[in-house]
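# Working through the structure, step by step
The chain contents come next:
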Amino acid sequence: MESSLTTLLCALFPARFSFDACEESPRIMLRDLAAREFNAFLWISLIAITALLISEVFKLLRLWRKGKWIPGPPCPSFHGHGSLISRENLTDVLSESHENYGSVVKLWLGPTQLLVSIKDPNLIKEMLFKAADKLPLTGRAFRLAFGRSSLFASSFDKVQKRREALMTNLSERLLVRANVIPGKVVECIMERIQKSMAKGSVDCRMVSQHMAFTILGTTLFGDPFLAWSKASVYEELLMMIAKDACFWASYNVTPFWKRGFWKYQQLCTKLKRLTQDIIQQCRRSCKIFHCMDDDHCNETAGTGKNASYGASYCSDGVIPENFFFHEFKGHMNEREDEPSSNIMGMMFHGCLTTTGLINNILMRLVTHPEIQDKIYTEITLAQKDSMTPVEQNVDKMLLLLATVYESARLLPAGPLLQRCSLDHVYGGMGSIVGEKITHLIEYCTNQSLPLILVCASGGAHMQEENLNLETGATIPAGALLVVPVQLLQKDGSSWGSDAGEFNPYRFLSKTRKRSNLVNTSFSEQTTDLEEGTFVLNDPNENAAFLPFGSGIRSCVGQKFVIQVVATFFASLLKHYEIKLPAQAQSNEKPKKNNCGFQLLPSTEIVFLSRSS
Ligand code: HEM
C-alpha cells in the first residue's frame, strides 16, 4: 500500500520528488508536500490581502483627491468635523456651510468619512434619481427588529421588485379603501380618547400615535383589527422597539454579549407572535365573512344590494396573507423574506411617520381655528354631493388636502435624506455615522420631530462609480450623500418669504393664475372656497417638496397616506371640533428653532363634539 502511494506521488509530481525521495518513507514526502502547499496558500493569501488593502488605499486616495474639489469648511483636525457636530447642531452646521460654500458642500466626519450635502432642488432631484442604495444602518435596523425583508433593505436591487408590487397594490387597491375609511375607525379612536379626556384634555402626541396606529392597522388588517384585544399591547411594543431600533443597529457587530440586546430581541419576538395572532384572526373572521358573504349575496342577489361592509373588507383580499404572499407571488424572493417581516416593517415605518404627520395637522388646526372652520365648511359641502354616507369625497376638499401637504412640508418625517454607496462604506462608517444618526434620533425624539432614516446611492450598476451630476459636480464613490430636507423646506427661494409659516394656500392656486403657486398670500385667501375658484397643485411639482423623499427610493406610501389621512380628518372634523384647552388658548403658538423652523408646542388638546 505504502509503496503504491509512493509510486503514485512520484508519478504525479516528478519534478518535486526525486527518485531518491521516492525511496524514502511516503510520510515524509506527504509532510513535505503539505508544507509546500501550506506555504503556497500563505503566499496567495498574503498577496490577496495586500492587493485588497492597496485597492482600499487607492479608493481612499481617490476619495481624498475627488473630495478636495468639493467646497466646504476646512478640517479643524485630522479627525475632521466629526467631533464638532453634535445632535443639536447638525442642521445648523449644514445651514451655515451652505450659506458660505454654495449648494454642494462637504464635511469630513473623519479621515475616511466624507459627507456631502446638497441643497439645490434640481441637483437633489437628479441625485435622488441616480442614487439608489441606503445606508446599511437602515436595513440593519429593520433586519434586527423584524427579520430579513425585501422591502426595507438598504440595497436597491433587493427592494426594487417588492417596491413596485407594493406601489401598485397601495395605489390601486388601498386607495379605493382609503376613500371609504368608515366612521367606525373614528368612533373606535374617539371612544378611547373620550376616556382619556375625562380629566379635561389629551396629549396631542399620544392621540396622534393612537390614530396613526389604528388607521394603519385597520387598513392593513381590515375590520378584525378594531376588535382585536391585543391591539394596545401591539402599539406599545412597536413604540418600545422604535426607541431602541437604531441604537442596536448602530453596532457593527451584533452585540450578543449585551443583556439589553436580548431584552430588545424578546420584544421583537413578542411583536412577531402578535403579528401572527392578528393574521390568524383575520383569516378566521374572513372565513366567517366569506360564509356570511355567500349567504348574504344569495339573500341580496334579488335586491341587488351590496354585501355588508365587513364582508367587503375581507373579500377585497386585504388580509395580510393575501396581500403579501398571494398578491406578490412571482415578485417574492422567499429566501429574502422572513414571515411577517414586511408587514411589521410597514406598521413600524407607517406608524412612526403617520404619527408625526397627524400630530402636526392637529397642532396646525388648533393654532389656526379659522382654517379649521373653512375645512369644516368644505367637508359639509362635499358631503352634499356624496353618493353614500361613508364616502368622504376628499378629492373635493382642497383646503383639507392642502393642509395635509403643508403640515408635511413644515415638519418633514426626518431632517435628512441620505444615500450612500454600499460597496464603498469604509470600515468605521457604519458605526460612526450610525452613532451620529443615533444621536440625531435621540434629538428628534426629544424635540418631538419625526425622523426617517434613509440612505443610498447607485444600484449595482454604479456602486463602484462616482456620481456625476449634470452641473459637472462629481460626488466621489464612498461619500455619504445627504439632503437637508428641513433646510430645503423652509428655503425662501423655493417657498417664498413666508416659508417658515403655516400657509396651506401655497398649494392652492386660483384657476385664473395657476402658476402663481408660491406667491398666494394670506390677504388673497379670502376668496370663498364655495365658489370653487381654487385648484390644488401637485406638491411634487415643486422640487423642494421632499417630506416623502424623491426619486427611485422615494416613499412608496405617499399617495396612499395622504388620501387616508385626509379621509380620516374629513370624518373626524365632521363630528368634532379640535381646540386648545381654555387656559392655553392665549399663548400656544408654534415656536421657531435656530434655523427658523417652526417647532410645535408640546401641548394638550380637546375634542368637542359638534352635535352637543
Ligand atoms: C406620513 C407618512 C409617511 C411619511 C412622511 C413617509 C416618508 C418616507 C420617506 C422620507 C422615505 C424615504 C424616501 C427617500 O429616501 O427618498 C420613505 C420610504 C418608504 N416608505 Fe414612507 N412615509 C410615510 C408613510 C408610509 C406608509 C404608510 C407606507 C406603506 C404602507 C410607506 C412605505 C415606505 C416604504 C416601503 C419606503 C422604503 C422605500 C425604499 O426603501 O425603497 N411609507 N417614507
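Thresholds applied
Residues numbered from 1 in each chain as written. Predicted model: local features only at pLDDT ≥ 70, side-chain atom pairs only at ≥ 80, totals over all residues. Heavy atoms only, no water. UniProt positions renumbered as here; feature names shortened; annotations may be inferred. Helix = DSSP H or I, 4+ residues; strand = E, 2+ residues; numbered from the N terminus. Buried < 20%, exposed > 50% of the residue type's maximum accessible area, 1.4 Å probe, protein only. Areas by Shrake-Rupley, 256 points an atom, 1.4 Å probe, with all protein chains shown as cover. Contact = heavy atoms within 4.5 Å. Axes fitted to C-alpha atoms, helices over the stretch in contact; angles between N-to-C directions. Left-handed = near helix turned anticlockwise from the far one by under 90°. Nonpolar A, V, L, I, M, F, W, Y, C, P; charged D, E, K, R; others polar. Pairing = 2+ DSSP bridges. Patch = residues over 30% accessible without salt bridge, like charges linked within 9 Å, V, L, I, M, F, W, Y side chains within 5 Å. Salt bridge = Lys/Arg side-chain N within 4 Å of Asp/Glu carboxyl O. Lys, Arg positive; Asp, Glu negative; His and termini not counted.

The protein carries the name Acetyl-coenzyme A carboxylase carboxyl transferase subunit beta in an unreviewed UniProt entry, which gives Morus notabilis as its organism. Annotation of the protein in UniProt includes, under Cofactor (unreviewed entry), the sentence "heme".

## Some remarks on the overall build of the protein
The number of helices and strands found in the protein is 21 helices and 13 strands. Counting the 612 residues in the protein, one finds 54% classified as buried. Entry remark: accessible area of the protein is about 28,300 Å², with carbon and sulfur atoms responsible for 56%.

## A short note on the UniProt feature "binding site: heme" (unreviewed entry) in the protein
Feature annotation in UniProt assigns "binding site: heme" (unreviewed entry) to the following positions: Cys555. Relative to the helices and strands, Cys555 is located in the loop between strand S9 (534-536) and helix H21 (558-575). For Cys555, a relative accessible area of 23% translates into the label partly exposed. Other than its neighbours up to four places away in sequence, Cys555 contacts His349 and Phe548.

## Describing the packing of helix H8 (residues 183-196) against H21
In the contact formed by H8 and H21, the axes pass within 10 Å of each other and the chain directions differ by 65°. Crossing handedness for the pair H8 and H21: right-handed. In this structure, H8 contributes Val186, Ile189 and Met190 to the contact, and H21 contributes Phe568, Ser571 and Leu572. When the residues that make up the contact of H8 with H21 are grouped by side-chain class, the tally is 5 nonpolar, 1 polar and no charged.

## Remarks on the sheet that holds strand S10 (residues 576-579)
Spatial ordering of the open sheet is given by S3-S13-S10, a layout of 3 strands whose pairing is antiparallel. Since the sheet does not close on itself, it has two edges, and those belong to strand S3 (202-203) and S10, each with one partner. Bridge analysis of S3 against strand S13 (residues 604-609) gives 2 bridges, and the strand direction is antiparallel. Directly across from Asp203, in S13, lies its bridge partner Glu604.

## What to know about a nonpolar patch on the surface
Nonpolar side chains collect at one region of the surface, where Ile54, Val57, Phe58, Leu61 and Trp64 lie side by side and expose about 470 Å² of accessible area between them. Within the secondary structure, Val57 sits in helix H3 (residues 26-68).

## Quick notes on the side chain of Arg163
Structurally, Arg163 is set in helix H7 (residues 156-178). Glu164 is the oppositely charged side chain nearest to the buried, salt-bridge-free Arg163, at an N-O distance of 7.0 Å. The contact partners of Arg163, leaving out residues within four places of it in the chain, are Leu151, Phe156, Gly551, Ile552, Arg553, Ser554 and Val556.

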